[in-house]
Amino acid sequence: ETYNFYKWTSPQVTQQDYSVYVTYQLPTTFKSFTSGLTSLQARVSSTTDASVKMQIYKNSGGLTTCGSNVTITTSANTWQFPAASGAADPSTCGFVGGDSIVFKITLASKSNANAYIGNLGFTFSNS
């Protein structure tokens, strides 16, 4: 299997974070996000020295946090695709047409461990 991805590595002995922000403006015809279908593809070389987390925000004139950080990587050396759930699932965050969804994806690394991110996916319906 092959994937497009971004890789973050740090030689420092203390954790170094790198955040990527992705913004998508919802169409005015937006109705709702589909529960359980917002996910990020990620992988780490070590669960003690690297991690990937995702925080979702609603932007409707100001940023509102949707739940807490979603830990994406829970095991090493395998691609993972966990879905946001509970309050972190955008289907529970009250989005309306014209709002923007903002994804803050934080890769953390120390001691030359690798953190990778790939595809970001979400599904919604229109009214």
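Residues numbered from 1 in each chain as written. Predicted model: local features only at pLDDT ≥ 70, side-chain atom pairs only at ≥ 80, totals over all residues. Heavy atoms only, no water.

Engineer: Is there a simple way to explain the overall build of the protein in this structure?
Structural biologist: Each helix and strand in the protein was counted, giving zero helices and nine strands. If you list the helices and strands of the protein from N to C, you get β-β-β-β-β-β-β-β-β. Scaling as 2.2 N^0.38, a compact globule of 127 residues should have a C-alpha radius of gyration of about 14 Å, and the protein matches this with 15 Å. Taking the principal axes of the C-alpha coordinates as reference, the protein spans close to 50 × 30 × 25 Å. Considering the protein as a whole, with its 127 residues, one finds that 37% of them fall into the buried category. Considering only contacts within the protein whose residues lie at least 6 apart along the sequence, 79% involve residues at least 24 apart. Per element, the accessible surface of the protein, about 6,600 Å² overall, is 46% carbon and sulfur. Positive and negative side-chain charges of the protein, numbering 7 and 5 respectively, have mean locations separated by a distance of 2 Å. (Helix = DSSP H or I, 4+ residues; strand = E, 2+ residues; numbered from the N terminus. Rg over C-alpha atoms; globule rule 2.2 N^0.38 Å. Buried < 20%, exposed > 50% of the residue type's maximum accessible area, 1.4 Å probe, protein only. Contact = heavy atoms within 4.5 Å. Areas by Shrake-Rupley, 256 points an atom, 1.4 Å probe, with all protein chains shown as cover. Lys, Arg positive; Asp, Glu negative; His and termini not counted. Charge placed at Lys NZ, Arg CZ, Asp CG, Glu CD.)

Engineer: Is there a simple way to explain the environment of Ile56 in this structure?
Structural biologist: Inspection of the secondary structure puts Ile56 in strand β5 (residues 50-59). For the pair Ile56 and Thr29, spaced 27 residues apart in sequence, the C-alpha separation works out to 21 Å. Not counting residues within four places of it along the chain, the set of residues in contact with Ile56 comprises Thr38, Thr64, Thr65, Cys66, Ala84, Ala88, Pro90, Ile101, Val102 and Phe103.

Engineer: Whenever I open this one, the sheet that holds strand β1 (residues 6-9) confuses me. Can you help?
Structural biologist: The strands making up a sheet are joined through hydrogen bonds of the backbone, oriented either antiparallel or parallel. Within the open sheet, the three strands sit side by side as β1-β8-β4. Their pairing is antiparallel. Sheet topology places β1 and β4 (39-44) at the edges, where each strand pairs with a single neighbour. Taken over all neighbouring pairs, the strand axes of this sheet differ in orientation by 20° on average, direction set aside. Of the pairings in the sheet, the one linking β4 to strand β8 (residues 114-121) comprises five bridges and is antiparallel in character. Paired with Ser39 across the strands is Gly121, a residue of β8. (Pairing = 2+ DSSP bridges. Axes fitted to C-alpha atoms, helices over the stretch in contact; angles between N-to-C directions.)

Engineer: Before we go on, may I ask you to explain the nonpolar core in this structure?
Structural biologist: Most often, soluble globular proteins have nonpolar side chains that are buried together. Core analysis: the largest hydrophobic core is formed by 25 residues, its most contacted members being Val52, Phe95 and Ile105. Elements represented by at least two residues in this core include exactly β3 (30-33), β4, β5, β6 (63-71), β7 (100-109) and β8. (Core = buried A, V, L, I, M, F, W, Y, C linked by side-chain atoms within 4.5 Å.)

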